[in-house]
Structure formats: structure tokens, C-alpha cells
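# Analysis of the macromolecular model
Each chain, written out:
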Amino acid sequence: MSSARRHEDSQPWGDPAVTEPLSDNTADVIVVGAGPAGSTTAYHLAKAGLDVLLLEKTEFPREKVCGDGLTPRAVKQLVAMGIDISEEAGWLRNKGLRIIGGGSRLQLDWPDLASYPNFGLVRKRDDFDEQLARQAQKAGARLFELCNVSGPIIDDRTGRITGVTAKLGDEKRPVTFHAPLVVAADGNSTRLSLAMGLHRREDRPMGVAVRTYFESPRHEDDYLESWLELWDRRGAQDRLLPGYGWIFGMGDGTSNVGLGVLNTSDSFKELDWREVLKAWCASMPEEWGYTPEHMTGPIRGAALPMAFNRQPHYTKGLLLVGDAGGMVNPFNGEGIAYAMESGQLAADVIVQAHARPTPATREIALQRYPRVLKDTYGGYYTLGRAFVKLIGNPKVMQIGAQRGLTHPLLMKFVLKLLANLTDPTGGDTMDRVINGLTKVAPKA
């Protein structure tokens, strides 16, 4: 079915008196940003038969700061999108998480659940994001690369967003795109959300991740590795910092080595975390190769917007997904799974709204999106915010590592909690406890 034909058949979303010209720049939905959140949203919308414009400011392949490790939550989303996740297709599988701290070392397998697979994956973000974007294209989404969205088009009478302005291509040609609904998947900076008056909540945690790659014999590893004690040994006295380090083998001759830190700590603003990462890497065994001469790229950093730090997630024709809506898990800094899940949730709401016969009934359906997000993550993120405040004191992390890692059963519970991996029904005792906690916690 052609794009023009779809528009002739579809009902207008907003005011019936508002009509937009039919063109290649007009669609049912515009998705701004082709990262995991945007591409997943576009894929599910296109699969449902909606006409979707997917606008990406850069050109694939492109760099993104990430640990490159995917938990079973993200794997489930990849399977739902029909992505080939076989080793032959370039994916490296992992069995679970290796935790190091307090003089102990513990390997925990991902849990066996009905709701999620029991393995994770590793893949570089430059390649990962492109795979999702191309899958959205295959489903029917129209992808525009080198399309830098500059702002919203707003109906003066209603205040609703009706499209976006952008600069297209290397020549930065001014263009406009029109749609009655727009999805902001433009990351933590989310200029589109800011232009619509949606600012970051200062009472929600923010993290920072910094990472680089090294040529290393440790490039093949069956486990993701997390170091719970992050020491700064650059001064006269060793200093325990409020963060954690990671080492993920990439299977291609390199390791992704990085660290994460929370803004709840006193050290958040005073330290140069790139220098901290260099010092941390220098403390590793020399044979691992985490030295400057084996570094294959620069140290890069990125913000991790957590626990719904921008709200509301729907207003006046604009939906927020992924980092734009602060979807990162405050327990472990995981963002990809929640970006993809929120994209699927947003698409489900939009598809249902699209089938409604009048603007008023469509708006009722769209207003459900923030409630769906809070029902899904609200209680869990509230627990996560309390956890973040607790570990803002590095001594708490140290004591927890020293005492917790000697109790494998306790750490199995902690892994399920931090990775948000439980069966919602029919699970074991740990699942029921975690699910119960998230249900009684406020959904803020």
C-alpha cells in the first residue's frame, strides 16, 4: 500500500479541520532518533501497518558510548524484532555476570525463566544500532539519515505538535516533516522535548559512563564482568570511589573496559572520570593489555538518564521513549533493554489510538501511555532511586561487596533484583519477593 493511499484512508488524529499536504514528508507518525528506542518504535509501528518516518541525525554506522553488553531483557526484544542473534551473524553470547569485590569473585548465571532467555549478548553499538534501524526499514519504516531535527512544528490554536523542522543531508537542506504524532527518541539531550517544555527532573538520579576499547587476550569471555570496588590510586592514599567498573570481552580481539558513576556522590563533579578510568586500567594485570599502547580508540563518555527523569511521557502529540524519557535502570545503568521495551509499549499505544474513530477517543488512548510506563516500571524505579541514594556512599558498596559475595544465594537474589529478571507469575520465592516489593512501592 502506498504512503499516499494510507493517508487517504486514515482518520485525522487531531482537529478534523487541520489537514497536511500529502507528500513523502508526511506520515502517520514521526520518530526522531534511530537508536534502540526509536528503531524499535518504528519497527513495531510499521509492522502494524502505520506509515512511519524515522529521522536519524547521523549516518550509519556511527559511534555510541555503551558497555556493549546486553542482558536477557534486551535479548527478548531482539527476538521480538526478528533479529538473527546467532553466533554466525556476529553475536557473542554470555552466560551471566562475574562479580569481583571485597576480595571475592563470584560467577552467577542468568536465571532460567519462562519470561526471558537465559543468555545475554555482546555487540558493538555502531553495528548494533544499524541492525535495528535496517530491521525497521525492512518492516516498512522510511529512514532518513543525516537528518538533524531542529525543532517542533506546533499548531498555534491547539498547542499540539504537528511535525518537525530539520536539516537534511551534507548540504543541510531545510525540510519539514508532518505527522499528527511525534515520538522523541533523541536521547538524553532530547532537544525536541526541551522545545516542547519538558525539562529534566533534578530529583531523579543521573549517571555517567565512560569507556574505551583495548586489544586484549581477554576478548572471549562467557561472562560479563563487574568490579564493585572502584579505587583511585593516583594520590598518596588510595581512595574508594562511588562507582563500579566493567570488562566485557567483545569476541573480536578487544575488550570494552569502562566505569559508571552516580551523581548522588560528592565525587561526581570534582573528578575527571576519564583520568580515573586510565588509572583503574593501569592497576590491572599487564598481561590483560589494558595499557595505552593497546587502546584502539579514545575514551568516550555519556550521561545515563535514570528513573523517569523527564515527564510527562506523553503530552500534546509527543511521546517520549528511551533516554529521552529517562528510562535507564537506576540499579545497574542498563539502558538498551528499557529503550526497546518503551519503544514497543509506545507503539502498542499508538496503534490502538490510531484505530479510534474520533480525535477525542484517540486522545484518551494516548493518555494511557504514561500510565502503562508507571505500571510497568514505576515501583521498580522507586526502589532503584532508594538504592542509588544508599550506594552514593562508597563504603556501603564496599561493605556490601565484602559480605554479600560470600553468600551465593543472596547474590542470586541481588542479580535478579538489579537486572530486573523475574517471572511475573509462577516464579520462585525470589521472584515473588521482588515482584511484591515493586508492587507496593509508589509508582512515581
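Quick look at the structure, then. (Residues numbered from 1 in each chain as written. Predicted model: local features only at pLDDT ≥ 70, side-chain atom pairs only at ≥ 80, totals over all residues. Heavy atoms only, no water.)

## Quick word on the packing of helix 7 (residues 336-354) against helix 9 (residues 368-391)
Contact pair helix 7 / helix 9: the axes reach a minimum separation of 9 Å and the direction vectors enclose 150 degrees. By the angle class used here, helix 7 and helix 9 are roughly antiparallel. The interaxial crossing formed by helix 7 with helix 9 has right-handed handedness. Note on element contacts: helix 9 touches helix 7 through Arg368, Tyr369, Val372, Leu373, Thr376, Tyr377, Tyr380 and Tyr381, opposite Tyr338, Glu341, Ser342, Leu345, Ala346 and Val349. Residues of the contact of helix 7 with helix 9, tallied by class, amount to 10 nonpolar, 2 polar and 2 charged. (Axes fitted to C-alpha atoms, helices over the stretch in contact; angles between N-to-C directions. Helix = DSSP H or I, 4+ residues; strand = E, 2+ residues; numbered from the N terminus. Parallel < 35°, antiparallel > 145°, perpendicular 65-115°, else oblique. Left-handed = near helix turned anticlockwise from the far one by under 90°. Contact = heavy atoms within 4.5 Å. Nonpolar A, V, L, I, M, F, W, Y, C, P; charged D, E, K, R; others polar.)

## Considering the packing of helix 3 (residues 72-80) against helix 7
Contact geometry of helix 3 with helix 7 gives a least axis separation of 8 Å together with a crossing angle of 40 degrees. Taken together, the axes of helix 3 and helix 7 are oblique relative to one another. Here the hand of the crossing between helix 3 and helix 7 comes out left-handed. Of the residues in helix 7, those touching helix 3 at Arg73, Ala74, Gln77 and Leu78 are Ile336, Ala337, Tyr338, Met340, Glu341 and Gln344. Per-class residue counts for the contact of helix 3 with helix 7 are 6 nonpolar, 2 polar and 2 charged.

## Overview of the layout of surface pockets
Of the volumes computed, that of the second largest pocket is approximately 580 Å³. Taken together, 21 residues make up the lining of the second largest pocket; nearest its centre are Arg73, Tyr116, Thr376, Asn420 and Pro424. Breaking the lining of the second largest pocket down by element, the ones donating at least two residues are helix 3, helix 7, helix 9 and helix 12 (429-440). By residue number, the principal contributor to the lining of the second largest pocket is helix 9, which donates 5 residues. Taken together, the residues of the lining of the second largest pocket sort by class into 6 nonpolar, 9 polar and 6 charged. (1 Å grid on protein atoms, 1.4 Å probe; cavity = no way out; pocket = protein on both sides within 12 Å on 5 of 7 lines; lining within 4 Å. Points joined across faces, edges and corners; volume = space filled by probe spheres on them.)

## Notes on the sheet that holds strand 10 (residues 161-168)
The 3 strands lie next to each other as 9-10-11, forming an open sheet whose pairing is antiparallel. The strands lining the two open edges of the sheet, one partner per strand, are strand 9 (147-154) and strand 11 (173-178). Strand-to-strand, the axes of this sheet are offset by a mean angle of 25 degrees, without reference to chain direction. (Pairing = 2+ DSSP bridges.)

## Considerations on the nonpolar core
Membership of the largest hydrophobic core comes to 89 residues, with the highest contact counts inside it found for Val31, Leu78, Ile350 and Tyr369. The leading source of residues in this core is helix 7, at 11 residues. (Core = buried A, V, L, I, M, F, W, Y, C linked by side-chain atoms within 4.5 Å. Buried < 20%, exposed > 50% of the residue type's maximum accessible area, 1.4 Å probe, protein only.)

## A few points about the packing of aromatic side chains
Tallied over the full model, the rule gives 16 aromatic pairs. With 5.4 Å between their ring centres and 45 degrees between their planes, Phe214 and Tyr290 make a pair best called tilted. Residue Phe214 is found in strand 13 (residues 206-215), and its partner Tyr290 is found in the loop between helix 6 (273-282) and strand 19 (300-305); the two are separated by 76 residues along the sequence. Across the pair, Tyr290 and Phe214 agree in class, each one buried. Ring geometry for Phe331 and Phe387: centres 5.1 Å apart, planes at 40 degrees, overall tilted. Here the residue Phe331 occupies a position in the loop between strand 21 (318-320) and helix 7, and Phe387 occupies one in helix 9, the gap between them amounting to 56 residues. We classify Phe331 as buried; its relative accessible area is 8%. Over the face of the ring belonging to Tyr213 we find Lys124, whose NZ or CZ atom lies 4.4 Å from the ring centre. A cation over an aromatic ring shows up here: Arg218 above the ring of Trp288, its NZ or CZ 4.3 Å from the ring centre. (Phe/Tyr/Trp six-rings, centres within 6.5 Å; stacked < 30°, edge-to-face > 60°. Lys NZ or Arg CZ within 6 Å of the ring centre and 35° of its normal.)

## Focus on the pattern of salt bridges
Opposite charge on two side chains makes pairing possible when the charged atoms of those side chains draw close. Per the counting criterion, the structure on display carries 25 salt bridges. Ionic pairing is found between Glu145 and Arg134, a salt bridge with its closest N-O pair at 3.0 Å. Here Arg134 lies in helix 4 (residues 125-139) and Glu145 lies in the loop between strand 8 (142-144) and strand 9, a separation of 11 residues in the sequence. Using a relative accessible area of 22% as the deciding quantity, one classes Glu145 as partly exposed. For Arg134, a relative accessible area of 25% puts it in the partly exposed group. (Salt bridge = Lys/Arg side-chain N within 4 Å of Asp/Glu carboxyl O.)

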